[in-house]
Structures are given as structure tokens and as C-alpha cells.
Amino acid sequence: RARVEAEEDDAEGTTAKGPKRVKRKMALVFGFIGQNYRGLQINYEIEKDAARKSVEEVLRMALVRAGAVTAVNAERLEQKIGWARSSRTDQGVSAARLVVSAKFLIVEDELTITGHSPALVSEVNRELPDDLRCFSAVKVPNSFDAKRACSWREYEYLL
């Protein structure tokens, strides 16, 4: 099993879904309406039986279906692909703009001159529910960490 995981962890190349994909560090910007979610952060131990899923659980499954993350690497995002989030939300809380960074499988030829990947955004959004949207995907340096790179957080409370 360890050998299979190692092979899938490093999986690059032509897939059944199309052209060659390579692992690259990317930042995804997304937002969501939180009323249907348990919060942003995934809790692997309870996701399967939870009445409400976390945003990261829904995003993780969409990334697998879109071909941006292998199923094996999706099992533990932080350890396998270096997943980092700019902030967190609680149950029922919405977010206009959050950033996650990780090593995703992308088609490098589809990057714009500025490193953006409209194709990845489209592939991910095709797999997401309407209340969760990816707005942007951009290639970042391997040293980039969404939490550490965040220069400000703004909260607005509506009662």
C-alpha cells in the first residue's frame, strides 16, 4: 500500500480526463454562503457522518473530481499537498474571500502569462455547489503559505 500511495502522491502525466498535469503550488481564492456548512476547517474523523459538511470537505471532493488532487492525497490535505488556509470560519458563517494554498495537479500550458489558471477555476466550479465558488487560481512560489502571507483579515457581523 505504501508503494501505491507514493506512486499516486507523485502522479503526473496524461490522465483519463485529458492532457498532462503537473504538481504546482497554487493559491485558490474562494467564497461561500455558510448557512449549509459546519465551518471552513475539515475534521476528518467526523466528515463521513456529519449532518453538515465543512467547506473544506466539499472543496476537497470537488478538487478530486476536477482532477486537481488525487484521491490518496485528498485523505490528508495538510500532510500530502501542503494545504494551508488564510483563516477559518465557524458554523453558519459566510466568507466573501478566503485563500487556500497547496500543490495541485494543473495543466501548465493553461496558465496565463501572469500565472493565473482560469481553466482550474472552471474545472473546480463545475464540481462545486452554487453556494461555494472559486474566484481565482494563481501559481505561487513554493514558499507561499496562505496563513502566513495574509496581511489582514476583516470581519463584519450582521445581527
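Novice: Break down the pairing of strand E4 (residues 95–106) for me, with residues and values.
Specialist: A regular strand places its side chains so that they alternate between the two faces of the sheet. In terms of strand pairing, strand E2 (residues 18–32) meets E4 through 10 bridges, oriented antiparallel. Bridge pairing in E4 places Arg 24 opposite Phe 104. The pairing of strand E3 (residues 84–85) with E4 spans two bridges and is classified as antiparallel. Along E4, the bridge assignment pairs Arg 85 with Val 100.

Novice: Break down helix H2 (residues 55–65) for me, with residues and values.
Specialist: With eight of 11 residues buried, H2 is to be regarded as a mostly interior element. Residue Gly 67 follows H2 closely and has a positive phi angle near 85°.

Novice: Summarise helix H5 (residues 118–127); cite the residues concerned and give the values.
Specialist: Listing the buried residues of H5 in full gives Leu 120, Val 121, Glu 123, Val 124 and Asn 125. The inward-facing, buried residues of H5 abut E2, H2, E4 and strand E5 (132–139).

Novice: How would you sum up the side chain of Asp 145? Please name residues and give values.
Specialist: Relative to the helices and strands, Asp 145 is located in the loop between E5 and helix H6 (146–149). Within the structure, Asp 145 has its side chain in polar contact with the backbone nitrogen of Lys 147 (distance 2.9 Å). Here Arg 148 takes part through its backbone nitrogen, which lies 3.0 Å from a polar atom of the side chain of Asp 145. Not counting the four nearest positions on each side in its chain, Asp 145 is found in contact with Ala 84 and Ser 101.

Novice: How would you explain the packing of aromatic side chains if you had to name every residue and give the values?
Specialist: Tallied over the full model, the rule gives three aromatic pairs. Judged by centre distance (6.3 Å) and plane angle (25°), the rings of Phe 30 and Phe 32 are stacked. Side by side, Phe 30 and Phe 32 carry an identical accessibility label, which is buried. Among the aromatic residues, ring-to-ring pairing joins Phe 30, Phe 32 and Tyr 37 into one connected group.

Novice: How would you summarise the pattern of salt bridges if you had to cite specific residues and measurements?
Specialist: The tally for this structure, following the rule as stated, stands at nine salt bridges. Residue Glu 78 is joined to Arg 85 by a salt bridge in which the shortest nitrogen-to-oxygen separation is 3.0 Å. Given a relative accessible area of 31%, Glu 78 falls into the partly exposed group. For Arg 85, a relative accessible area of 13% corresponds to the buried category.

Novice: Explain the pairing of E2 residue by residue, including any values.
Specialist: Counting buried residues along E2, 11 of its 15 residues qualify, which places the element largely inside the surrounding structure. When E2 meets E5, the two strands line up antiparallel, connected through seven bridges. Bridging across to E5, Ala 27 finds its partner in Val 138.

Each value, and the rule that gives it
- Residues numbered from 1 in each chain as written.
- Predicted model: local features only at pLDDT ≥ 70, side-chain atom pairs only at ≥ 80, totals over all residues.
- Heavy atoms only, no water.
- Pairing = 2+ DSSP bridges.
- Helix = DSSP H or I, 4+ residues; strand = E, 2+ residues; numbered from the N terminus.
- Buried < 20%, exposed > 50% of the residue type's maximum accessible area, 1.4 Å probe, protein only.
- Contact = heavy atoms within 4.5 Å.
- Polar contact = N/O pair within 3.5 Å; in protein donor to acceptor, adjacent residues only side chain to side chain.
- Phe/Tyr/Trp six-rings, centres within 6.5 Å; stacked < 30°, edge-to-face > 60°.
- Salt bridge = Lys/Arg side-chain N within 4 Å of Asp/Glu carboxyl O.

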